[in-house]
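Secondary and tertiary structure notes
As a plain string of letters, each chain reads:
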Amino acid sequence: MDMEENGMVGEIESATADKVCDVIADVFGVPRDKLGAATMQEDIPEWDSLGHLNLVLALEEAFNVSFSVTAMPDLVSVTAIVGKVSGKWRSS
Amino acid sequence: MATGTNVDPPTQMDATGSRADVLARLGSRRTPLTLSQIRSTTRHLRSLSEPMVPLRAAVLHTYTTQLLQPYWQFESLLQGFDLHLYEAPYGALRQEAEPGSGLTASDPDLGYVFMRWEDLEPRLGLPVSGLSATEADDVLAGAVAAVGGLMRRLRQVGPATLVVTLLPRMWRPELGAFDSMARHSDSDLRRRIKSAIARDLETISSALFCDLDEVAIDIGRTNMFDLRLWETSRFPFSVVGSQAVVRHLVAYAVAQLQPKAKCVVVDADNTLWGGVVGEDGFAGIALGPEYPGSVYATFQRRLLELQQRGFLLALCSKNNPQDVAEVLATHPHQLLREEHFAAMRVNWLPKPENLQALARELNLGLESFVFVDDSAHEGLAVRQQLPQVTVVQTPADPLQLPYCLDGVARLEITSLTTEDRDRTRMYSQERARQATVKSHGSIDEYLASLEMAMRVGIDSEQHVARIAQLTQKTNQFNLTTRRYSEAQILSFMRDPDRMVAHFSLADIFGDSGLVGVAIVRGVTGEVAEWDTLLMSCRVIGRRAEAAFVRDVLQRLGARGVKRVMATYAPTTKNQIVSDFWPSVGFRQAETSDPSECLYACDLPMGAPDGPLPVRVLEASE
């Protein structure tokens, strides 16, 4: 990948991370400014196992995607979610 | 579509305005909402500081139900409830039906039970279409006993209303397409079980079966479930399924805890027919076998179905009376004729004014009205001036019209008596009576000409539903306005120290059905206390109440009661009976409480002042 494509990927990932944080703030009712690309499940008390399922459903709606049963448990941080949602920009 | 559904959500939604505004937009919706719309609407409804009816609900479950929380919150707020929800521990059913359990501590108005078929009878977790007839009957008996046993235990500890559900089968029938032809199929067995459960629950007061299979039919089996959640967390429903299920269940709370809807008031133009009769003319309105007239014909049929639930229909239209009268009387495809409407206002007055006039004519409170109109402008005017009226705006797409009342929570009923079914006929009988009054010289002559006969029944358990309904709905001819549930009425009937009397009234025009209730305490002693005396407003003015009181007092005297105490508890609606007890021979009694209106009557009573126009007969059943 050349530098330009790398930059584009970075921008898209950053925009995706923003949107993911919006959804997390909405689902758990936590302040948006406390969330960022580094946020993970342990950081948010409301993000328990049931909360996780609520988040998964909200992410599916927001990004118009569908997660498989095996993917669902992996969505435990903003980075992991971004990775799964912008899947077409990654090779794996 | 993300969650595998094939139903499109609305693309935009306006989460603003009062709760009534939001309900008018969403209350009769056919398309499901997205989670995001549900959340933003919940936030908006929470931010309003409108008064809400408290709703204490309890959930017992044998599968995961906690993911329903956002839908419980949303639907409760939408319907005007401040919800307090208790969820029992997973799988705890019988333990919760004990005194001192979390369920009893939560003191719920409604208890909801979520069970699976295999919880009722283990054989239901395996193929059943191969069972012999005896084995199938055995499974049925076990299933009915399981539900009935649990409901009876729960009835002991509490919730005023119990609603039990069974998780629908997630797959097609065992025998596939041949299921409908097979003599012993699994769906046939399940149908028989559901029917038997319903008959059994009828013998337990305020216990209802809510058939989630009907939800599956409504939204589609594939749309109802999210198999990923089911397989990983034992939570079965998709976003679409969850909101549909909760919507059905909260409707029971609306039916039980909010003012009962009694009358559906419909507009005429673009509601009963397409077009405007005053402009398009009799021949120009769309009503008949061709589209869009066919849609309106179907909607009229759906309205006629509402009458079967016990609701009255009324017409409120801005038109020249003769234009509407012509359609009602002579249009070949008009299903709703004048006799189907309990009252009508066809004129050029503002609709809020007409609704008030209809309420007065029908002797109903406006809080019992559901108003259906195609005009957003009319709906808004009614919502603003008469906030207690539920407004339903018909959908812009005529194809959706026949469905637009299906989702209105206030149109759900939780009991149905013969009086409910006959209600409209009672109103046209009453119109016939009113017409006769004018032709008689005196009121005594008129009453005598009715040849009224009253049947009095005592502690009649088969009438528990109607009697409880009357205590809950009667506001005007009600001396003490005490509201009782079916469970309470049943316990009074079985209490040797109390007497529950009822009467039904018939005359030459027809039978009014069960219209009066008396509950007396202390009937085993010498001084009894008259707890409840009420009468349906449809028989006010015929002196039936005097005959009933006399009959009850005679029965009390026969049991050895020497004195009966009675009170009048004034409310804003029952001034009509402020002087009732003296009028039937009671004297004012001494009381240390200046706000109490206390009366007494010594038995045996003297002879009545004049002839009573009502013959009293013993109830035959």
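Residues numbered from 1 in each chain as written. Chains lettered and ligands numbered in written order. Predicted model: local features only at pLDDT ≥ 70, side-chain atom pairs only at ≥ 80, totals over all residues.

What to know about the overall build of chain A
- Within chain A, the secondary structure is distributed over three helices and zero strands.
- A buried classification covers 25% of the 92 residues belonging to chain A.
- When contacts within chain A are restricted to residue pairs at least 6 apart in sequence, long-range pairs at least 24 apart make up 48% of them. (Helix = DSSP H or I, 4+ residues; strand = E, 2+ residues; numbered from the N terminus. Buried ≥ 20, exposed ≤ 12 C-beta atoms within 10 Å, placed from the backbone. Contact = placed C-beta atoms within 7 Å.)

Quick look at the pairing of strand 9 (residues 369–373) of chain B
All names here are of chain B.
- Most of strand 9 sits inside the fold, with five of its five residues counted as buried.
- Of the two faces of strand 9, the one carrying Phe369, Phe371 and Asp373 and the one carrying Val370 and Val372 are both buried.
- Sheet analysis places strand 6 (residues 263–266) next to strand 9, joined by four bridges and oriented parallel. Looking across to strand 9, one finds that cysteine 263 is bridged to phenylalanine 369.
- Relative to strand 10 (residues 390–393), strand 9 is paired through four bridges, and the arrangement is parallel. Among the inter-strand pairings, valine 372 is bridged to a residue of strand 10, identified as valine 392.
- Crossover connection from strand 9 via helix 16 (residues 376–385) to parallel strand 10: handedness right-handed. (Pairing = 2+ DSSP bridges. Right-handed = clockwise from strand over helix to strand, strands pointing away.)

Observations concerning unusual backbone geometry
- Between B:Tyr291 and B:Pro292 the backbone carries a cis peptide bond, its omega angle lying at -5°.
- When you line up the elements, B:Pro292 lands in the loop between helix 12 (277–280) and helix 13 (293–308).
- Cis geometry marks the peptide bond from B:Leu603 to B:Pro604; its omega dihedral reads 0°.
- Residue position: B:Pro604 is located in the loop between strand 17 (597–602) and strand 18 (614–618).
- Of note in the backbone geometry, A:Asn64 takes a positive phi value of approximately 55° without being a glycine.
- By the secondary structure assignment, A:Asn64 is in the loop between helix 2 (49–63) and helix 3 (78–85).
- With 9 C-beta atoms packed within 10 Å, A:Asn64 lands in the exposed category.
- Of note in this structure, B:Arg543 is not a glycine but carries a positive phi near 60°.
- When you line up the elements, B:Arg543 lands in the loop between strand 14 (527–535) and helix 21 (544–558).
- Its 20 C-beta neighbours within 10 Å are what place B:Arg543 among the buried residues.

Here's the deal with the sheet that holds strand 15 (residues 563–568) of chain B
Residue and element names in this part refer to chain B.
- Reading across the sheet, the eight strands line up as 16-17-15-14-13-12-11-18 and stay open at both edges, with mixed pairing between neighbours. With one partner strand each, in any of the chains shown, strand 16 (587–588) and strand 18 form the two edges of the open sheet.
- As paired elements, strand 15 and strand 17 share six bridges and run antiparallel to each other. When the bridges of strand 17 are listed, methionine 565 appears paired with alanine 600.
- Across the sheet, helix 21 is in contact with strand 11 (452–458), strand 12 (498–507), strand 13 (510–521), strand 14, strand 15, strand 17 and strand 18; its angle to strand 13 comes to roughly 45°. (Axes fitted to C-alpha atoms, helices over the stretch in contact; angles between N-to-C directions.)

Quick notes on helix 16 of chain B
Residues and elements named next belong to chain B.
- Listed in full, the buried residues belonging to helix 16 are Gly379, Val382 and Arg383. Viewed end-on, helix 16 has its buried residues packed into an arc of 100°, placing them on one side of the element. For helix 16, exposure combined with an orientation more than 90 degrees from the buried face picks out His377 and Gln384.
- On its buried face, helix 16 sits against helix 1 (19–26), helix 15 (351–362), strand 9 and strand 10. (Arc of directions from axis to C-beta.)

Remarks on the domain arrangement of chain B
- Splitting chain B by domain gives domain 1 (55–257), domain 2 (263–411) and domain 3 (451–618).
- Once you take the C-alpha centre of each, domain 2 of chain B and domain 3 of chain B turn out to be 38 Å apart. (Domains from an automatic or database assignment.)

Overview of the environment of A:Phe63
- Secondary-structure assignment places A:Phe63 in helix 2.
- Taking the C-alpha atoms as reference, A:Phe63 lies 9.2 Å from A:Thr16; in sequence the two are 47 residues apart.

Re helix 2 of chain A
All names here are of chain A.
- Under the 1.5 Å per step criterion, the end-to-end length of helix 2 is 21 Å for 15 residues, consistent within 8% with the ideal 21 Å.
- When helix 2 is considered as a whole, its buried residues turn out to be Leu53, Asn54, Leu55, Leu57, Ala58, Leu59 and Glu60.
- Two residues or fewer after helix 2 comes asparagine 64, characterised by a positive phi angle close to 55°. (Expected span 1.5 Å × (residues − 1).)

As for the interface of chain A and chain B
- In this complex, chain A contributes 13 residues to the contact, which on the side of chain B involves 15 residues.
- Broken down by element, the residue count for the side of chain A that touches chain B peaks at seven residues, all from helix 2 of chain A.
- Considering only residue class, the side of chain A that touches chain B consists of seven nonpolar, three polar and three charged. (Nonpolar A, V, L, I, M, F, W, Y, C, P; charged D, E, K, R; others polar.)

Overview of the packing of helix 15 of chain B against helix 16 of chain B
All names here are of chain B.
- Here helix 15 crosses helix 16 at 60°, and the two axes come no closer than 9 Å. When the axis of helix 15 is compared with that of helix 16, the two are oblique. The residues of helix 16 that touch helix 15, namely those facing Lys351, Pro352 and Leu355, are Glu378, Ala381, Val382 and Gln385.
- Classifying every residue of the contact of helix 15 with helix 16 gives four nonpolar, one polar and two charged. (Parallel < 35°, antiparallel > 145°, perpendicular 65-115°, else oblique.)

What to know about the environment of B:Leu533
Residues and elements named next belong to chain B.
- Secondary-structure assignment places leucine 533 in strand 14.
- For leucine 533, a count of 26 C-beta atoms within 10 Å gives the class buried.
- The spatial distance from the C-alpha of leucine 533 to the C-alpha of threonine 567 is 9.8 Å, given a sequence separation of 34 residues.
- In contact with leucine 533, not counting residues within four places along its chain, are Leu479 and Ala518.

Details of the sheet that holds strand 2 (residues 81–87) of chain B
Residue and element names in this part refer to chain B.
- Strands sit in the order 2-1-3-4-5 across an open sheet of five strands; the sheet is parallel. In this open sheet, the two strands that pair with only one neighbour each are strand 2 and strand 5 (207–210). This sheet shows a mean twist of 25° between the axes of neighbouring strands, independent of strand direction.
- Taken together, the four bridges between strand 4 (residues 161–166) and strand 5 define a ladder with parallel strand orientation. When the sheet's bridge partners are listed, valine 163 is paired in strand 5 with leucine 208.
- Set on the sheet, helix 3 (residues 69–78) makes contact with strand 1 (53–61) and strand 2; between it and strand 2 the angle comes to about 150°.

Overview of the confidence of the model for chain A
Residues and elements named next belong to chain A.
- Looking at chain A, pLDDT values average 85 and 84% of them are 70 or higher.
- Model confidence for chain A, summarised as mean pLDDT per element, is weakest for helix 1 (residues 3–28) at 81 and strongest for helix 2 at 93.
- Here residues 88–92 is modelled with pLDDT under 50, and outside its nearest four sequence neighbours on either side it reaches three contacts, counting other chains as well. (pLDDT = per-residue confidence, 0-100.)

Brief notes about the nonpolar core
Residues and elements named next belong to chain B.
- If you look at the biggest cluster of nonpolar residues, it comprises 138 residues, and the most contacted ones within it are Cys263, Val265, Ala314 and Phe371.
- Sort the elements by how many residues they give to this core and helix 11 (residues 239–257) lands first, with 11 residues.
- Counting the residues that make up this core, at least three belong to each of domain 1 (55–257) and domain 2 (263–411).
- With residues up to four places along the chain from it excluded, the contact list for valine 265 reads Ala314, Cys316, Leu355, Leu358, Phe369, Phe371 and Val372.
- Membership of the second largest hydrophobic core comes to 49 residues, among which are Leu479, Leu534, Val552 and Tyr599. (Core = buried A, V, L, I, M, F, W, Y, C linked by C-beta atoms within 7 Å.)

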